[in-house]
Amino acid sequence: MNSLRRSGAALMVAAALFPAAAARADSLPAPQGEVILTVSGAITNTNDDGVARLDMALLDGLPRNSFATSTIWTEGVDTYEGVLLTDLLDALGATGTNVLAKALNDYEITFPVADVTDEGPLLAYRTNGKPMSIREKGPIWMIFPYDDVEAFRTEQTYARSIWQLDRIVVKP
Amino acid sequence: MPSALLSRPRYLRNVLCGLMVMAVGLLAVLSAEVRREMRLFQEEPVDSIHWNLTQLELDLVLLLSAAQLAQAQDDPPLDELRKRFDLFYSRTDLVRSGAMFERLDLEAAIRPLTARLDGFLRHATPLIDGSDASLRAALPALVEDVQALRMDLRSLSIRTVEQYATQADLRRAELARLLRQVAATSAALLLLLVALLGSVLYLNRQAERKTAEALRVSSRLQATVATALDGVIVAGLDGRVLDFNQAAERIFGFSRDEAIGQGLDRLIIPARHAAAHEAGMARMQETGNKRMVDGGRIQVTAIRKSGEEFPLEMSVTSNSGPDGMIFIAFMRDISEPVANERALLAARDKALAAEQAKTNFLAVMSHEMRTPLNGVIAAIEIVARKAVDPSQAKFIRLAQSSAKQLLRHVNDVLDISKVEAGHLALSDSPFELEPMLASLVDVLRPVAAKKATKIELDIGTGLPLVRGDSFRLGQIVQNLLSNAVKFTAGGKVVLKAVLHPQGAGMALLDLSVTDSGIGIAPEDLERIFEDFVMLDPSYGRTDAGTGLGLPISRRLTEAMGGQIGAESEPGKGSRFWLRLPMPTVERAAPPPAPAEPARTTARDGADDPVLDLLVVEDNATNRTVMEEMLRLLGHRAALAVDGREGVRKARAHRYDAILMDISMPVMDGITATGLIRAEGLSKDSRIIAVTAHTMPEELERFRGAGMDDCLTKPMSIRDLARTLAAVSAPSVPSPPALPEPADAVLDAPRIEELRQALGAEGMRRTVAQFLRDTTATMERLRSAASSPLEARALCHELAGAAAMVGALRLHRHFAGLEARLHDGDDNSVAAAQTDSDRLWADAAAALGGLTEA
């Protein structure tokens, strides 16, 4: 229910952002600022030859979510704000079954789309309301609500908590 | 309850359970600890330390290579260098923030590394963040710094990893220890479970064995109870049936299924006893008082399904079962034995009643036979006096002796049946032994003389006066004497009597009759006192006897408390003896003369109401006189000739008073009074005895029989009037009147009274009837000499009749004779025959003169 409503909301936002999404191949507006995330593979909404290049403005236009949690890498509890991966995949019309996420230092991890839920992961681009630099694991940190959901406190989830994320490939 | 057998495993089981609880508790604690440890492993709160340190080193190498590449160029692009620095910087952040290492307790180990990294970044960051020119200029120094840092980073990383490895080993060892503990506890728990299972199995097997045994015992008991001949009912304290065997089914008609669960009160206890049963049960529940339980066999009334009540014999025991007190009743239907017993009793009663009826019949018949027999004897007597033909005289004598013999037999049978029926009334009055015995001997002397036998009386003089029934004693002695005379020819018969004083006014009469006759064979001696035994039938024919003489003597002796027996030697003679305890009387005290009662003046009966009266009187003269007297007094009188007719009339009509003669044929006055009092219209009427008896105890007997008053014959019209006055005012009892002492032939006042009452014609009629009746009675008295009883009754009748017509001297004569006969002087009638005839003639002449005048 929650996820359906949330997905429905995401689609409506996408339709508003990208009016001719269904008509043309390159239905996404072109990025105006520095591209910080590139999504490729099995997606339908793109803006550059089957690839979606997203700047901060485009990311900001997607449904925003936030939660507070501690992590094993940081001290204390911080509030993370960004777009849920599931919302992003919905907005881009992703049809694949696996997601490959890759960082600036070429660290990569693959996980099934089925694991992507309304609870996480969140593609966080603001910590405690401030944008994140590379030195602060920015510009995008794929993060989970470890404190709220016990199931996320596993080594596998820690491995998926990729920081300095800059590329996503949706695999069929 | 074999508690010792059960308590050991139970105790063991309790211990095992306790241990198990402890083991489970321990296991729970250990499990919690293990789970905590496991969670530490599962929820890795840290990223891999090796990975991060290697990445740090890798990022540093990549930074170094980017810096060296930039140094090798003249005008190098610095973006790559800056990106590598930023990446390294972000990686150092993980180490420097210390969060990760703090969680791993590696804070101290990482501190040198942190300090070294801080130092580098403090120096390098301004260079990287500075202008391209200054960065280019600082490149060589930066490369040198990075190289130096790389060496230090390596050694510091290795040391940290070593420390981490040591700590990990410790944690694993701890976990292993925990797991071992869990395993040990689990094993112990398993062992306990096995032990417990074993104990449970053991108990189960034991319980099964016990159950089987109980079943065996129970089924054996069930079979025993079920096939028992007695009915068995088991009930609870609430009275509900728990078990009901086959015999009980047969007895009560209920099937077992019907009976079980039902209350005894609804099942087998008759409704009228239900309340008592409930009270008993309630009492037992409250007080524990079990009246019927363990009280042996008791007989109760129970009820069958059919509703039939029957006698039941049962015994009840109690036992405390697992569900409380139970009662076991063993029951036997005794309706058949009880019915048999009843039938037996009824048969016995019937037999006794028949025996009694027979005896009564004999008594009545004997009595009834005597009256006509007396008539026969009297008739023969008259004929004998007038007989002239010698051949006729012979037959008449034969008829005479036969008739007398018959009368004796009848008297014998009457005596025996009287004793048998317990009707024998023994008189108890003082008498002289010597004259009584002498008279008996005198009577038989002529008979003995005919057979040339002498009779001797051997008796001392000065014997004391004794009390007893002289008539009955005389009867015995007469019997013994006549037997002795009968069986002795030309010999001697001796009557001997000795009175042995026994002290305190008692004496033992030792009397014997010895003869020198034919004697009795020893084998016959025993039988001679039995009924109807005649030893020599030939004697029986010539010297007729019923054979009842000795049995009567035996009965009379026994009735008087004495003993009788015989000894004999055939051919030599016999000796019959009699021993009788008798009270002696002081001769000095003469019997007191009856006092003369004060006579009340007769009232004038004119004012008295007219009474409706019944006269019951057998003597026709008396009846006529009384009827006339009553009429004179202004009363109505109905007449009845005997008790039976009197009863019939009294029941059919209500009389104000009944004048009842005492001695009457068919039914006497005492019996008639009882019957009148029992039922009928006159049951509450006044009954007045009319009698010549004046003895106080007799009067008392009349009152006991239900009579209210007594008139003594001969009565005067005044006496009658006074007594009848009490009928209208019964609160004034009249004392019994006594005859007026006088010695004239006729009682002048009485004659005058009669004449006034009856009138001249009535007087003549009455006197004529008296003369007629008395002539006949006198004849009967003459022939009744051999039967004292008969004689006594006749004297009584004569005395009464004489008194009624005022023949005073005749009355006194016969009253005296009656008294003597009553006292046992049986020969008095014969002895006084001359006097009787003379007095009768005088009285008849005087009375005849009266009526002719």
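Rules used in this analysis
- Residues numbered from 1 in each chain as written.
- Chains lettered and ligands numbered in written order.
- Predicted model: local features only at pLDDT ≥ 70, side-chain atom pairs only at ≥ 80, totals over all residues.
- Heavy atoms only, no water.
- Helix = DSSP H or I, 4+ residues; strand = E, 2+ residues; numbered from the N terminus.
- Buried < 20%, exposed > 50% of the residue type's maximum accessible area, 1.4 Å probe, protein only.
- Contact = heavy atoms within 4.5 Å.
- Areas by Shrake-Rupley, 256 points an atom, 1.4 Å probe, with all protein chains shown as cover.
- Phe/Tyr/Trp six-rings, centres within 6.5 Å; stacked < 30°, edge-to-face > 60°.
- Lys NZ or Arg CZ within 6 Å of the ring centre and 35° of its normal.
- Pairing = 2+ DSSP bridges.
- Axes fitted to C-alpha atoms, helices over the stretch in contact; angles between N-to-C directions.
- Core = buried A, V, L, I, M, F, W, Y, C linked by side-chain atoms within 4.5 Å.
- Buried area = accessible area lost by both parts, 1.4 Å probe.
- Salt bridge = Lys/Arg side-chain N within 4 Å of Asp/Glu carboxyl O.
- Polar contact = N/O pair within 3.5 Å; in protein donor to acceptor, adjacent residues only side chain to side chain.
- Nonpolar A, V, L, I, M, F, W, Y, C, P; charged D, E, K, R; others polar.

**Some thoughts on the overall build of chain A**
Helix and strand counts for chain A stand at 4 helices and 10 strands. Across chain A, helices and strands are ordered from the amino to the carboxyl terminus as α-β-β-α-β-β-α-β-β-β-β-β-α-β. A buried classification covers 50% of the 172 residues belonging to chain A. A separation of at least 24 residues holds for 58% of the contacts in chain A among residues at least 6 apart in sequence. Carbon and sulfur atoms form 54% of the exposed surface of chain A, whose accessible area is close to 7,600 Å².

**A few points about the packing of aromatic side chains**
All names here are of chain A. One pass over the structure, following the stated rule, counts 16 aromatic pairs over all chains. Through a chain of ring-to-ring contacts, three or more aromatic side chains come together here, namely Trp73, Tyr80, Trp141, Phe144, Tyr146, Phe152, Tyr158 and Trp163. The cationic tip of Lys137 hangs over the ring face of Trp141; the distance from NZ or CZ to the ring centre is 5.6 Å. Lying across the ring of Trp163, Lys137 places its NZ or CZ 5.2 Å from the centre.

**Regarding the sheet that holds strand E15 (residues 657-661) of chain B**
For sheets, the rule is that strands pair by backbone hydrogen bonds, running either parallel or antiparallel. Residue and element names in this part refer to chain B. With parallel pairing, 5 strands are arranged side by side in an open sheet as E14-E13-E15-E16-E17. With partners counted over all chains shown, the strands left at the sheet margins are strand E14 (636-640) and strand E17 (709-712), one partner each. Taken pair by pair, the neighbouring strands of this sheet meet at an average axis angle of 25°, ignoring direction. The pairing of strand E13 (residues 612-616) with E14 spans 5 bridges and is classified as parallel. If you follow Leu614 over to E14, its bridge partner there is Ala638. Its contacts with the sheet put helix H20 (residues 669-678) on E15 and strand E16 (686-691), and the angle it makes with E15 is roughly 155°.

**Focus on the sheet that holds strand E10 (residues 165-171) of chain A**
Residues and elements named next belong to chain A. Spatially, E2-E1-E10-E5-E6 is the arrangement adopted by the 5 strands of the open sheet, whose pairing is mixed. Bordering the open sheet on either side are strand E2 (52-55) and strand E6 (108-112), each of which pairs with just one other strand. Strand-to-strand twist in this sheet, taken as the mean axis angle between neighbours without regard to direction, amounts to 20°. In this structure, strand E5 (residues 98-103) lies alongside E6, joined through 5 bridges in antiparallel fashion. Across the sheet, Lys102 pairs through a bridge with Glu108, a residue of E6.

**Section: the nonpolar core**
Trp73 of chain A together with Leu81, Phe88 and Phe120 of chain B are the most contacted members of the largest nonpolar core, which totals 52 residues. Secondary structure elements with two or more residues in this core: strand E4 (78-84), strand E7 (122-127) and strand E9 (141-143) of chain A together with helix H2 (49-72), helix H3 (79-97), helix H4 (99-103), helix H5 (107-129) and helix H6 (132-227) of chain B. Ignoring sequence-local partners within four residues, the contact set of Phe88 of chain B consists of Leu56, Asp59, Leu60, Leu63, Leu117, Phe120, Leu121 and Leu149 of chain B. In this structure, Val727, Ala802, Leu817 and Ala832 of chain B belong to the second largest nonpolar core, which totals 49 residues.

**Some details on the interface of chain A and chain B**
Bring the parts together and some accessible area is lost; that lost area is often taken as the interface size. Listed per partner, the contact involves 18 residues of chain A and 28 residues of chain B. Buried surface at the junction of chain A and chain B, summed over both partners, amounts to about 1,900 Å²; 48% is from carbon and sulfur atoms. Sorting the residues of chain A by area buried against chain B places Ile72, Trp73 and Arg135 of chain A first, and these three jointly supply 36% of that buried surface. For the pair chain A and chain B, the number of links is 2 salt bridges. A salt bridge links Arg135 of chain A to Asp129 of chain B; its shortest N-O distance comes to 2.5 Å. Summed over the shared surface of chain A and chain B, the number is 3 residue pairs in polar contact (both at pLDDT 80 or more). Looking at the side of chain A that touches chain B residue by residue, the classes come out as 7 nonpolar, 5 polar and 6 charged.

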